[in-house]
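# Overview (structure and organization)
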Amino acid sequence: MLKTVLLGLSVGAVGLALVLPTYAAAPVKIAAVAPIADVAGQIDASIKLLDEYLASNDVYTQNKKKVRTEATIVSVLSQAVVESEEKGSVAWNAAAADVRAGAISIADAKTYDDAKKGLAAVNEAHGGKKGAAASEHEWNKLAKLGAIMDAVQSRSGKIRGGSRKKADSITDAEVAEASGAATVLAVLELAVHEDTHEVKKKEDTPEWQKAAKEFQTQMTATAAAFKKKDMAGAADGWKKGNTACNACHDKFREKE
Ligand code: HEC
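Computed from a prediction, not measured in an experiment: that's the story for all the values here.

About the criteria used
- Residues numbered from 1 in each chain as written.
- Predicted model: local features only at pLDDT ≥ 70, side-chain atom pairs only at ≥ 80, totals over all residues.
- Helix = DSSP H or I, 4+ residues; strand = E, 2+ residues; numbered from the N terminus.
- Rg over C-alpha atoms; globule rule 2.2 N^0.38 Å.
- Buried ≥ 20, exposed ≤ 12 C-beta atoms within 10 Å, placed from the backbone.
- Contact = placed C-beta atoms within 7 Å.
- Domains from an automatic or database assignment.
- Nonpolar A, V, L, I, M, F, W, Y, C, P; charged D, E, K, R; others polar.

## Remarks on the overall build of the protein
A count of helices and strands for the protein gives 10 helices and 0 strands. For 256 residues, the compact-globule estimate of 2.2 N^0.38 gives 18 Å, and the protein sits close to it at 20 Å. Taking the principal axes of the C-alpha coordinates as reference, the protein spans close to 80 × 45 × 40 Å. By the burial criterion, 40% of the 256 residues in the protein qualify as buried. Counting only contacts in the protein whose residues sit at least 6 apart along the sequence, the fraction spanning at least 24 positions is 72%.

Here it is as structure tokens:
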């Protein structure tokens, strides 16, 4: 009798373990992807752009895709702040999950009013006010893959442009822009790594994740190279990163 009760309990516990969501941490430590201050700097820049694109209904209507792109960047990069081992240096770290939640609602918004509401929530949290958002969130549920790819695309011109400059002529502003763009791409790729829904055959999952990991590694190296004005290193990282984009697209992207 006791035995059956115990058995029942342990079966129950196993059942519960299956039902309770388990949250996978990022595939690598955030500190190995980018310095958290750089990630936070890119979030600040994207929120500033969202303020501009949501200044009025007209501006919003003309910039809907950009709104989705910047909101996608804020949501994925805030997730990195939530999980960072070094987040103490980010003033609003306690509210990072609320920044993320607001950004997700902007990316999903169908109307100007909804987007504005999301932005108000983002700004409040970014100002340090902690809200009710749960800290845990799946990396593969932060944004749609298509939106992440658009965001990747939106920053690639700055890296390409920067990587063609010479060390003695690239300006500090260009260095900041190009390394910031590479930082954004490195973090976005953590979400791509976890979002394997485009992989039709399960045995191909390692190939997907290898391409995403390689891309992230190259963008991490590219961002660091720009900061040192190591232009050969930046150009090399960008070239290798592109090889990873193409490898993944050739294998997994549906031909239109
Ligand atoms: C790990 C795989 C992978 C990597 C790495 C990758 N992509 Fe993609 N990309 C995809 C898949 C899959 C799609 C199709 C997804 C969709 O349309 O929802 C896609 C679609 C796109 C699109 C079209 C977006 C849209 O609106 O449908 C663009 C632009 C793009 N990628 C750019 C890039 C660039 C630029 C890089 C590298 C700098 C890159 N991607 C790296 C897998 C990848």
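## Let's talk about the domain arrangement of the protein
As assigned here, the protein comprises domain 1 (33-126) and domain 2 (156-252). Using only C-alpha atoms to locate each centre, domain 1 and domain 2 end up separated by 21 Å. Residue-level contacts link 11 residues of domain 1 with 11 residues of domain 2. Breaking the side of domain 1 that touches domain 2 down by element, the ones donating at least two residues are helix 2 (36-53) and helix 4 (64-83). A per-element tally of the side of domain 1 that touches domain 2 places helix 2 first, with 5 residues. Of the residues assigned to the side of domain 1 that touches domain 2, the class counts are 8 nonpolar, 2 polar and 1 charged.

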